[in-house]
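A closer look at the structure
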Amino acid sequence: MGKHFGWLALLAGFTLAAATLPAPARAAPDLPPGVRLVDGYIPRFDQKKRMDARYGYQLDELRKQILKRGEAGEYLPCSSQILDEADWLIGSTKDEARIERRLKDLRESLAQPAQQQHAAGEQSPEDGSWGGCYEAWFLRMWASADPLKELVAQGRKPAHPLGFMKEVDSPQKIVERFRRLTTSRVLEDGIDNRKELNLTVTGLGQLLFLPSLAGLFPPDWPRGPVAAGLIEYMDREWQDPKTGYWGAWYQVGDQLIKTEDLSMTFHIASYRDGKIERLPELIRTTFRTRERAYPYGWQDRGSQNCHHAYDVVRLVRFGWPHMSELQKAFARAQIAIILARTVRLSINSVGEVDTRPYNRVAEAYYFCTSLLDDIGYFRRSRNFWSNLAFDNADELREKMLDQIKGLPNDDPMIEAARRKLELRD
């Protein structure tokens, strides 16, 4: 690396800043059977533990098969989609009949040649969505955002109208959907809405907030009013004024527990280009939750992965103008640690990305590329946090591009990663 990190100053800033970020006191609620609290306030339900014990090992084995074939260059969109849906069902519901059916579908899809799966990666003429092997509307909607962004990047239009957006074609419809999803009653109905809520934010946040996607909608589709209605709900009803965060809420007995969700907060802030309220509170919360497990903090099984670290760095980027010098010292230390772990642990010496934390190989390359790009590792113009120069950046960039050449370019996340790697100042 081109300049000295100043480790002593960074670590001193880390120590001081950490000491000034106490967690807010929370009164532990009286809990009914079937639920416990992590970190004193995050609910964990016995239902999920039972479902993971029953189905988790099967899902892991099927995931390994998909990753292995993906690393060999096979494009398996149908299998990947069914895996995502089964993962959601196991983690968020107790619908055993549906889980069994989707696992059976997944095994049958893996028995097919890869060529038979390509239709699942194309736009449906029926409702204009992508994700033909998903059953749930929110998953098809979420799966449509990346292909649509790729079409726009290439100067093209989708072949079919976006009929799937009729589900949220008025401010009333979209706000009603979000109000329903925000609060889960797991002990009553066995459904944890958190993942559906997050992916709904992710998909609709891009489709409604990104200026580049406005041209995808016909002139009579009320994109402006719908987006404004969602922003009003986010800022006035959903965002926590004390923490600046958004997250899933849980009704547990007579207690309403509101969580601080790094992933949801990242998606809302990112697709609104940082134009959100309460950024100073948001930054304090982000630093305070460093030791928590994702999605309520930065850690993934005691370590990090590129996806979660990307969320952190993007939020720090948005909050940088609002931070004190002490907070900036803390942030510099943490970004330096994130960067060192990424280039040492998440990516090997020949540019291969560790795919184990992901459901698809494409996700691994996209998120590690995005993280390094947001840090400013490849482009100094993106380096908002330091004046460091990285001597090995171009070498790593070329190695990662070489690895991507052997992966299926049908996946829009692969194309997005390649495009980011090819950007130059």
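Here's what I pulled together on the structure shown here. (Residues numbered from 1 in each chain as written. Predicted model: local features only at pLDDT ≥ 70, side-chain atom pairs only at ≥ 80, totals over all residues. Heavy atoms only, no water.)

1. A closer look at the state of the cysteines
As a reminder, the rule being used: For the purposes of this analysis, a disulfide is any pair of cysteine sulfur atoms at a distance within 2.5 Å. The helix and strand labels rest on DSSP assignments: H or I over at least four residues marks a helix, E over at least two residues marks a strand, and numbering proceeds from the N terminus. A simple rule labels every residue: compare its accessible area, found with a 1.4 Å probe on the protein chains alone, to the largest value its type can have, and call it buried under 20%, exposed over 50%, or partly exposed in between.
Evaluated as defined, the whole model comprises 2 disulfides. The disulfide partner of Cys78 is Cys133, and the gap between their sulfur atoms is 2.0 Å. Judged by the sign of its S-S torsion, about -95°, the cystine formed by Cys78 and Cys133 is left-handed. Separated by 55 residues along the polypeptide, Cys78 in helix α3 (residues 77-92) and Cys133 in the loop between α4 (96-110) and α5 (137-153) bring together distant segments of the chain. Here Cys78 matches Cys133 in class, with each residue buried. At a sulfur-sulfur separation of 2.0 Å, the disulfide partner of Cys306 is Cys368. Taking the sign of the S-S torsion, 85° for the link of Cys306 and Cys368, the bridge is right-handed. Note that Cys306 is positioned in helix α12 (residues 306-319) and Cys368 in helix α14 (residues 361-375), a separation of 62 residues in sequence. When the bonded cysteines of the protein chain are counted from the start of the sequence, the pairing works out to 1-2, 3-4.

2. Things to note about the pairing of strand β1 (residues 35-38)
Looking down a regular strand, the side chains alternate between one sheet face and the other. What counts, and what does not: Two strands pair under a simple rule: DSSP has to find at least two bridges between them.
As judged from the 4 bridges shared by β1 and strand β2 (residues 42-45), these two strands associate in the antiparallel manner. Its bridge partner being in β2, Arg36 is matched across the sheet by Arg44. The turn joining β1 and β2, which pair antiparallel and follow one another in sequence, is formed by 3 residues; a positive phi near 55° is taken by Asp39.

All we've got here are geometric facts, nothing functional implied.
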